[in-house]
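# Summary of the model geometry
Here's the letter readout for the chains.
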Amino acid sequence: MEIIRTEDLTYTYPISSKPAFRDVSITIDKGEFVLLTGPSGCGKTTLCRCFNGLIPHFYSGKLEGEIMVAGLRVPDHPIHELAQHVGLVFQNPENQLFALSVEKDVAFGLENLGLPRDEIRERVDWALKVTGIYDLKDRAPYELSGGQQQRVAIASILAMRPEVIVLDEPTSFLDPLGAQKIFEVIDRLNKRLGITIILVEHRLDLASKYADRVIIMNEGRVVLNGRPRDVFISDEAQLVGVGIPKATMLYKLLRENGIELGRVPITAEEASQMIREALTHDRG
Amino acid sequence: MIEVEDLYFTYPSGVEALRGITLTIRDGEFVAIMGQNGAGKTTLVKHFNGLLKPTKGSVKIDGVDTTKASVAELARKVGFVFQNPDHQLFCETVEDEISFALKNFGFDEDAIKDRVDWALNLLDLTRYRNISPFMLSGGERKRVALASVLAWDPKILILDEPTIGQDYEQKERLRNFIVQLNAQGKTVIIVTHDIEFVAECKPRVILMAEGRVIADGDPHEILTNPNLVSKASLILPETTRILLGLRGMEQSGRLARVIDVYEAGRILTAMLRDQG
């Protein structure tokens, strides 16, 4: 069942003469984990701003074509209504957190919805537990590490119980272990709770294994859209200049030398296993 | 040359960020200081241009103790590009930003113009000359910050987390740029937890954890050592992780020090052909 659909969607910022993206037609199904990537300035962040209505309602500008989110035509519904279906997590959690305790930050969106006190408490506790930061609930967000702050930002979105969560480069300020923990939290939201995930990310080595689908944008257009293996192995992915996973890269290097490993690997584990098999097989 | 001798540093809050660091960085070296957030990397390099002074021990730049020199004197030799360009940029235009330090160092007007032109061109920023840095994207602002430091041609260049927020192509450009600067004789020190970037650049690696240096040397030795890498709370390079899965296989010793995917491709091709 589809949750997001765009048809020939084109958007131009108010002061700009050139569209930030054009003719984007994509369909995302409920429960999918989509990895959206492409060079800086390709239009991916701008596209994400349409999913919860920041475009066109906040940024104005010119939006052409069709966009439906959770059965709602985005231009016809205000941000506060769309925000109950789609949550947005930003690159830098400092831009999102402001309260004096983690718990208050996570409760803020719910208070604005005017929910009863008991339900707010229940949802806040639940979101803190799912993201693994329940122990930090009384701490001030600004005292926390970057990775912990990003989990607070995710919890505050999760508490709204959206059907879709969009994360715009959520790990770019984090060290590798911090990033891995964030990806694991996101994966849990997707696999356990069935939340549709749209993850904008450059670190494809770490993120690819979680995704059902990869969409690559370049110069305002969607240039590739498909299963991670099919997308990463295509020559176009390399031409666009996205850093394909090393496992896939190694597969391609070996293939150029006349060595076929069979299936295209995207994780280190898959690549190791396939190379082991090739080494053993050749010996016999 | 940078000489660090038994350096300790404690922040006023009481946090002991550095606990006995001794190391030497010679002129013309390319060094990556690595470790997780909070390991003390940035605290260490802030001692190199005198922004921080040792609580105990000493730091000497070309033989001069940093407690005996002002930040302004040290900055002439040691250029520091911050992680977040917004902590560095404040002028109305990109041109003003780049000429600011040059004016402070007392360069004459013609020299300033030449150097600004040179730096703008070098970092592909000429078209933004008269634009406010705050109108630019994050990646572009990082380039402005770098240009404003390169403009006065410091002999030592420190880049704090230069790859954050940069896409694949920008990282490639940055890597070429650093290699080029280093080839011209500049000492380049990067502070980073981007192990993939380091695996491609292959500089000398200084690995830090909890305010101490836990390894210092050849990246092929350090980045393929799972114990060291996990002590620093980092993750092995992806290529090394693939090759670790081949341990115990015949000839896999040939792959034990490989961090680069192209090298892995060459050796594996040879191994698979040998056996075929």
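Going by the structure above, here's the rest.
Remember, predicted model here, so these are calculated numbers, not experimental data. Throughout this description, residue numbers start from 1 for each chain and increase along the sequence as written. Whichever chain is written first becomes A and whichever ligand is written first becomes 1, with later ones labelled in order. Residues qualify for local features only when their pLDDT is at least 70, as the model is predicted, and side-chain atom pairs are given and counted only at 80 or more; totals for whole chains, interfaces and linings, by contrast, use all residues. Note that water and hydrogens are dropped before the side-chain values are worked out from all heavy atoms of the structure.

Glancing now at the overall build of chain B. Within chain B one finds eleven helices and ten strands. The dimensions of chain B, computed from C-alpha atoms along their principal axes, are 70 × 45 × 30 Å. Partitioning the contacts of chain B with sequence separation of at least 6, the portion at a separation of at least 24 is 61%. As presented, chain B carries roughly 11,800 Å² of accessible surface, and 48% of it is formed by carbon and sulfur atoms. Numbering of helices and strands starts at the N terminus; helices are DSSP runs of H or I of at least 4 residues and strands are runs of E of at least 2. In what follows, a contact means two residues having at least one pair of non-hydrogen atoms within 4.5 Å. Values of accessible area rely on a 1.4 Å probe in the Shrake-Rupley scheme; residue burial ignores everything except the protein chains shown.

Before going further, it helps to spend a moment on the sheet that holds strand 2 (residues 16-25) of chain B. Two modes of strand pairing occur in sheets, parallel and antiparallel, and in both the strands are linked by backbone hydrogen bonds. A pair of strands counts as paired when DSSP detects no fewer than two bridges linking them. Read across the open sheet, the four strands follow the order 2-1-4-5 (chain B); overall the sheet is antiparallel. Edge strands, defined here as strands with exactly one partner in the open sheet, are strand 2 and strand 5 (64-65) of chain B.

On to a negative patch on the surface. Nonpolar side chains (Val, Leu, Ile, Met, Phe, Trp, Tyr) within 5 Å and like charges within 9 Å form the patches, drawn only from residues with over 30% relative accessible area and no salt bridge. Put simply, a salt bridge is a Lys or Arg side-chain nitrogen that is within 4 Å of an Asp or Glu carboxyl oxygen. His is not counted, nor are the chain ends, whereas Lys and Arg count as positive and Asp and Glu as negative. Lysine's charge is taken at NZ, arginine's at CZ, aspartate's at CG and glutamate's at CD. A cluster of acidic residues, Asp108(B), Glu109(B), Asp110(B) and Asp114(B), forms a negative patch at the surface. As for its position among the elements, Asp110(B) is in helix 4 (residues 109-122).

So, about the packing of helix 3 (residues 94-104) of chain B against helix 4 of chain B. If you want to describe how two helices pack, look at the angle between their axes and the distance between the axes. Residue and element names in this part refer to chain B. Between the N-to-C directions of two axes lies an angle of 0 to 180 degrees, each axis being a line fitted to C-alpha atoms and, for a helix, fitted only over the stretch in contact. With their axes 10 Å apart at the nearest point, helix 3 and helix 4 run at an angle of 130° to one another. Classified by the interaxial angle, the pair formed by helix 3 and helix 4 is oblique. For the crossing formed where helix 3 meets helix 4, the hand is right-handed. For the pair helix 3 and helix 4, contact is made by Val 94, Glu 95, Ile 98, Ser 99, Leu 102 and Lys 103 and by Ile 112, Arg 115, Val 116, Ala 119 and Leu 120, respectively. Angular relationships are summarised with four words: roughly parallel below 35 degrees, roughly antiparallel beyond 145, roughly perpendicular across 65 to 115, and oblique for the angles in between. Rotating anticlockwise by less than a right angle from the far helix to the near helix defines a left-handed crossing, while the corresponding clockwise rotation defines a right-handed one.

It is worth spelling out helix 6 (residues 168-183) of chain B at this point. All names here are of chain B. Expected span, for any helix, means 1.5 Å times one less than how many residues it has. Relative to the 22 Å expected for 16 residues at 1.5 Å per residue, helix 6 spans 23 Å between its end C-alpha atoms, a close match to the ideal helical length. Buried within helix 6 we find Gln 170, Leu 174, Phe 177, Ile 178, Leu 181 and Asn 182. For helix 6, the buried positions fall inside an angular range of 130° around the axis, keeping them on one side. Facing away from the buried surface of helix 6 by more than 90 degrees, the exposed residues are Arg 173 and Ala 183. Those residues of helix 6 that are buried are in contact with strand 3 (30-34), helix 4, helix 5 (138-150), strand 7 (156-160), strand 8 (187-192) and helix 7 (195-201). Pairs of N or O atoms within 3.5 Å make up the polar contacts considered here, provided that, within protein, one atom can donate a hydrogen while the other can accept it, and that residues adjacent in sequence are counted only when both atoms are side-chain atoms. With a side-chain oxygen lying 3.1 Å from the backbone nitrogen of Glu 169, the N-terminal cap of helix 6 falls on Asp 167. Trailing helix 6 by a residue or two, Gly 185 shows a phi angle of about 105°, which is positive. Type-normalised accessible area, obtained with a 1.4 Å probe on protein chains alone, sets the label of each residue: buried when under 20%, exposed when over 50%, and partly exposed for intermediate values. The directions considered for the arc run from the helix axis to the C-beta atoms.

This part takes up the interface of chain B and chain A. The parts lose accessible area when they come together, and the size of an interface is often stated as this lost area. On the side of chain A, 38 residues touch chain B, which itself brings 36 residues to the contact. Our enumeration of links across chain B and chain A arrives at three salt bridges. In this structure, Lys246(A) engages Glu196(B) in a salt bridge whose closest nitrogen and oxygen atoms are separated by 3.4 Å. On inspection of chain B and its partner chain A, the count reaches eight residue pairs in polar contact (both at pLDDT 80 or more). For the side of chain B that touches chain A, the secondary-structure elements that each account for two or more residues are helix 6, helix 7, helix 10 (238-244) and helix 11 (261-275) of chain B. Residue contributions to the side of chain B that touches chain A peak at ten residues, all from helix 11 of chain B. All amino acids are sorted into three groups, where Ala, Val, Leu, Ile, Met, Phe, Trp, Tyr, Cys and Pro are nonpolar, Asp, Glu, Lys and Arg are charged, and the leftover types, Gly among them, are polar. Each residue belonging to the side of chain B that touches chain A can be placed in one class, and the counts come to 13 nonpolar, 14 polar and nine charged.

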